[in-house]
Amino acid sequence: MNKRSLPLRALTLVAAALLGLWSFFPIYWMIVSSLRPERDLFAPPTLIPKTIDWKFSAYRNLLELTDYPVQFANSVVVALAVVVITLLISVVIAYVVTRYKVPGKTAIIGSMLYAYMFPPLLLAIPLLSIFARMGFSDHLIAVVFAHCTLSIPLGVWMLWGFFKAMPFDLEEAAMVDGCSRAGAFFRMVLPLSAPGIITVAIFSFLLSWTDYVFSFVLVNSDANKTLPVGLASVLGTFDARWGELMAGATLIALPLFIMFMFLSRYFIKGLAAGALKG
Amino acid sequence: MLSFRTNSDKFLLGAFIASVAITLLLILFPVVHAIQLSFYQSESFVSERTWIGAGNYLRVLQESGFWRAFGIGVTFSVLTIVLQVALGIGCALLLDQPFFGRPVIRGLAVLPYLLPTVVVAVAFQWLLDGSLGLFTIWAEELGLGRPAWFEDPVMAMVVVVIASVWTWTPFVTISFLAALQTIPKSLYEAARVDGAGSWNRFWHVTIPMLVPMLMVIVLLRSIWMFNKFDIIWLMTKGGPLSATEHLPVMAYRRAFMQYDVGGGAAVATLSFAVLSLLILVYFYFYPLDGKEGNK
């Protein structure tokens, strides 16, 4: 493989550079645009900015003049709640289904996979109707539940594959050595399945953090919006405030990029498992 | 395989039943409710409902708009899936090669997939802005004039397709990269011993080994691309003149803008019925108790 000819290697490098450019250019342009001083935004753009606005005016305007900080907090709270609920429920379901005699286990797993392919609007329309009647319209709780309709099936599906592949002998050995069933679970199963659990946590976070549809449908007031919906409404109200829009977009993307830097192998694992809605 | 005997088993059984019940309630209830809503007429989400049987379905199916939206959805899905799969396989084959800086390029290649759809929509709208967008200005400098990206029906479809391909191709790339890495090296060795050149090894070993993944990917991507609401809604709102209005946008418009909840639910249920066919095909080819099986 290493004996490939020089032209072929050069071609590979060119193709790789093109792929990098294609993937990164819109992101680069978004970040650069958020950092340019406002007067430059209306001048013919240059690929490398002539001046950088070190006062971060676009970010300041966004954070000081809009509900963006509240919406950031909303997104964090909703995503964390979704992660916790998803982990609790999906670990229990996936573990019991792979380890115990449960009637209809294939039906349970099958319906999870089925559910995770539902059209979001098929769920969003009735959810609004249900939450509106329960008095939870325009409420973050409704958004958390809505995100769980996607993240729990995803979590069960991923962990099912994970627990299935984990040898049963380990727990048995622990129990022979005098561990209780619960002890074996907490001392052997949970630590060993940490990679799977981290992957599920990341993907349910990602699902909630990036969701537009459910929050858009279920929440109306600016103070209850999550970041993606907040940004989309900035697009509506601040006509042509592109600097602020790009700052807002960068602020949503940044936490994901930072997570990716540290946890990329879990991201890749989850993606390779074919496991994210989208 | 265990059965529920000890106390901690029983505790776990209780937790399991509760978890399944919560999940069923969360998922089944809305779906049943959506189907129920599709048989009623109501002015809003909280008003009184009147049972009209199949009325919403008959009304929706008789509209030319429904079939048009269906066709637009199919067009959008087919275009995005073909491009994603072709580009994704190409990128996977590329990233499977050793080259200088590969980890960086691999990381960059995944980034678009992590972005929330709203960020993608906003970034592309900025690149394509009518007066200040970088791509608009470049097009003008190339002598193409100022393209009316979002005013021309064909162009608007092209734009949403490109933005979708940009963000969702990494999913295909990573999946195929994983599939490539599971191909046993011994197969290549055997082919080499048999005198197969690199082209023949690619054609007779790599390609056949990728076919199962290709099937899964095409099915999954079809299900998701047909469902996609946010990218189209955020970029074009289904316009210009409903040129990009597919079934999800149509369902949204009905339920949330025209306050025709029953009609919206009927459109959503119909698109769900179409999808269910695809999902059943998926289950047919990849049964849960198949080869891998439940132990």
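Everything numeric in this text was worked out from a predicted model, so none of it was measured.

Participant: I would appreciate a short explanation of the overall build of chain A in the present structure.
Facilitator: When helices and strands are counted, chain A shows 13 helices and zero strands. If you list the helices and strands of chain A from N to C, you get α-α-α-α-α-α-α-α-α-α-α-α-α. Dimensions along the principal axes, computed over C-alpha positions, put chain A at roughly 75 × 70 × 35 Å. Burial analysis of chain A (278 residues in total) assigns 58% to the buried set. Surface summary for chain A: the accessible area is close to 11,400 Å², and the carbon and sulfur share equals 71%.

Participant: Even after reading the chapter, I still don't get the overall build of chain B, so can you show me in this structure?
Facilitator: Helices and strands together make up the secondary structure of chain B, namely twelve helices and two strands. From first element to last, N terminus to C terminus, chain B shows the α and β order α-β-β-α-α-α-α-α-α-α-α-α-α-α. In terms of overall dimensions, chain B is more spread out than a globule: its C-alpha atoms have a radius of gyration of 24 Å, far above the 19 Å expected for 295 residues. Structurally, chain B occupies a C-alpha span of about 75 × 75 × 35 Å along its principal axes. The proportion of buried residues among the 295 residues of chain B is 53%. A separation of at least 24 residues holds for 65% of the contacts in chain B among residues at least 6 apart in sequence. Of the roughly 13,500 Å² that chain B leaves accessible, carbon and sulfur atoms contribute 69%. Of the side chains in chain B, 18 bear a positive and 17 a negative charge, and the two mean positions are spaced by 9 Å.

Participant: Just checking my understanding: could you explain the domain arrangement of chain A for this structure?
Facilitator: The accessible area lost on association of the parts is a frequent measure of interface size. Residue and element names in this part refer to chain A. Along its sequence, chain A is carved into domain 1 (1-54) and domain 2 (66-276). Taking only C-alpha atoms, the centre of domain 1 and the centre of domain 2 are 32 Å apart. If you look at the interface, domain 1 gives seven residues, while domain 2 gives nine residues. Taking both sides of the interface into account, the surface hidden between domain 1 and domain 2 amounts to around 620 Å²; carbon and sulfur atoms contribute 76%. Put simply, domain 1 and domain 2 have zero residue pairs in polar contact (both at pLDDT 80 or more) between them. Every element with two or more residues in the side of domain 1 that touches domain 2 is listed here: α1 (6-35) and α2 (38-41).

Participant: Got a minute to help me understand the interface of chain B and chain A in this structure?
Facilitator: Of the residues lining the interface, 97 residues belong to chain B; the matching set on chain A comes to 97 residues. Here chain B meets chain A over a buried area of about 9,000 Å², counting both sides, of which 80% is carbon and sulfur. The tally of links between chain B and chain A comes to zero salt bridges. Summed over the shared surface of chain B and chain A, the number is five residue pairs in polar contact (both at pLDDT 80 or more). Ranked by residue count, the leading element in the side of chain B that touches chain A is helix α1 (residues 7-37) of chain B, at 17 residues.

Participant: Whenever I open this one, the UniProt feature "transmembrane region" (unreviewed entry) in chain A confuses me. Can you help?
Facilitator: All names here are of chain A. Per the UniProt record, "transmembrane region" (unreviewed entry) is annotated on residues 12-31, 72-97, 109-134, 140-163, 184-209 and 245-268. For the annotated span residues 72-97, helix accounts for 100% and strand for 0% of the residues, and the straight-line distance between the end C-alpha atoms is 37 Å. For residues 109-134, the helix share is 85%, the strand share is 0%, and the end-to-end C-alpha distance is 30 Å.

Participant: Hey, could you run me through the packing of aromatic side chains in this one?
Facilitator: Geometry of an aromatic ring pair is reported as the spacing of the ring centres plus the angle between the planes. Per the stated rule, a full pass over the model turns up 42 aromatic pairs over all chains. Ring centres of Y114(A) and F118(A) lie 5.8 Å apart, and the angle between their planes is 55°; on these two criteria the pair is classed as tilted. Consider the rings of F229(B) and Y252(B), whose centres lie 5.3 Å apart with planes at 45°: the pair is tilted. One end of the pair, F229(B), is in the loop between α9 (198-227) and α10 (230-236); the other, Y252(B), is in helix α11 (residues 247-257), and 23 residues separate them in sequence. An aromatic cluster of three or more residues is present, and its members are Y212(A), F216(A), F229(B), W233(B), Y252(B) and F256(B). The positively charged end of K164(A) is found above the aromatic ring belonging to W160(A), 3.9 Å away from the centroid. Taking NZ or CZ as reference, R221(B) lies 5.0 Å from the ring centre of F171(B), over its face.

Thresholds, definitions, all that
Residues numbered from 1 in each chain as written. Chains lettered and ligands numbered in written order. Predicted model: local features only at pLDDT ≥ 70, side-chain atom pairs only at ≥ 80, totals over all residues. Heavy atoms only, no water. Helix = DSSP H or I, 4+ residues; strand = E, 2+ residues; numbered from the N terminus. Buried < 20%, exposed > 50% of the residue type's maximum accessible area, 1.4 Å probe, protein only. Areas by Shrake-Rupley, 256 points an atom, 1.4 Å probe, with all protein chains shown as cover. Rg over C-alpha atoms; globule rule 2.2 N^0.38 Å. Contact = heavy atoms within 4.5 Å. Lys, Arg positive; Asp, Glu negative; His and termini not counted. Charge placed at Lys NZ, Arg CZ, Asp CG, Glu CD. Domains from an automatic or database assignment. Buried area = accessible area lost by both parts, 1.4 Å probe. Polar contact = N/O pair within 3.5 Å; in protein donor to acceptor, adjacent residues only side chain to side chain. Salt bridge = Lys/Arg side-chain N within 4 Å of Asp/Glu carboxyl O. UniProt positions renumbered as here; feature names shortened; annotations may be inferred. Phe/Tyr/Trp six-rings, centres within 6.5 Å; stacked < 30°, edge-to-face > 60°. Lys NZ or Arg CZ within 6 Å of the ring centre and 35° of its normal.

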